[in-house]
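Given next are the chains, with one letter for each unit.
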Amino acid sequence: MLCSFIYAEAATLQEAAEAYGAQKYDDAAAMYEEIIAGQGKSSEVYYNLGNAYYKLKQYPKAILNYERALLMAPGDEDIRFNLELARTKITDKIDVIDRSFLSVWGDTLRNLFSSDTWSIIAIATFILFIAGAFLYFFTTTVWMRKLGFFGGFLLLVISVAANFFASQQKEKLLNRNEAIVISPSVTVKSSPADSGTDLFILHEGTKVKITDKVGEWSEIRIEDGNTGWMQNSKMEII
């Protein structure tokens, strides 16, 4: 991945890249944080920030930034590979609930592209569908009418699917309900209070899904299906 972004100051990014190349990872991380705060967000900068934190062995922060990069560029295999590598460095190894083949296949297909790319595909295929409909209704040649009918039908299916995937990706970006545990260890409670029963312990770097909120507490679910309550201050939203 390139450490570049058309709307950021080139000198700042160049300095960050040079610091990273010189193994000054603290400086590189600080510069990338500054770029995100002052210039805006991008998958490239989040990815580079994650790499800097990985080199510093701050794996929870690396995971957090890889996850943020992946939200913006879900089809990027470099981000996904580094995220999985960082996950091997944390304490909690949680078994994922078995999912159906169709569910896994659907997520894999959706994550090929970002919401913007899926939107472009949806628009392009719908325009081609209109062209296919024109062939079917306004030509007399049999093979062209067949092409217009079957090709148009396929393009309409693709357009609808692309619209659906685009809306899902957009929803994930706008309504972020996943977080990374940032405290060394957290006791998950049965209710949103310190007096709640202790259920299980999570460690920094673990990903949780937020399902409800009450004051300073959030109900969370982890990938094995277990649920409980933890304080918002113990995690950071992806």
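Quick caveat: nothing in here was measured; it's all calculated off a predicted structure.

Quick look at the overall build of the chain now. Counting its regular elements, the chain contains 8 helices and 7 strands. For the chain, the C-alpha radius of gyration of 23 Å lies well beyond 18 Å, the compact-globule estimate for 238 residues. Projected onto its principal axes, the C-alpha positions of the chain cover 75 × 50 × 30 Å. In the chain, which comprises 238 residues, the proportion classed as buried is 35%.

Now for unusual backbone geometry. Of note in the backbone geometry, Gln 23 takes a positive phi value of approximately 65° without being a glycine. Tracing the sequence through the fold places Gln 23 in the loop between α1 (10-21) and α2 (25-39). For Lys 57, which is not a glycine, the phi torsion comes out positive at approximately 65°. Following the sequence through the fold, Lys 57 ends up in the loop between α3 (43-55) and α4 (59-72).

By the bridge criterion, 5 bridges tie strand β4 (residues 207-214) to strand β5 (residues 217-221) in an arrangement that is antiparallel. Each bridged residue has a counterpart across the sheet, and for Lys 213 the counterpart in β5 is Ser 218. A loop of 2 residues connects β4 with β5, the two strands running antiparallel in sequence, and Gly 215 in this loop sits at a positive phi of about 60°. Two strands pair when backbone bridges link them, and β5 and strand β6 (residues 227-231) are joined in this way by 5 bridges, in the antiparallel orientation. In the strand pairing of β6, Glu 219 is matched with Trp 229. From the end of β5 to the start of β6, which pair antiparallel, there are 5 residues, and Gly 225 there has a positive phi angle of about 95°.

Procedures and definitions
Residues numbered from 1 in each chain as written. Predicted model: local features only at pLDDT ≥ 70, side-chain atom pairs only at ≥ 80, totals over all residues. Heavy atoms only, no water. Helix = DSSP H or I, 4+ residues; strand = E, 2+ residues; numbered from the N terminus. Rg over C-alpha atoms; globule rule 2.2 N^0.38 Å. Buried < 20%, exposed > 50% of the residue type's maximum accessible area, 1.4 Å probe, protein only. Pairing = 2+ DSSP bridges.

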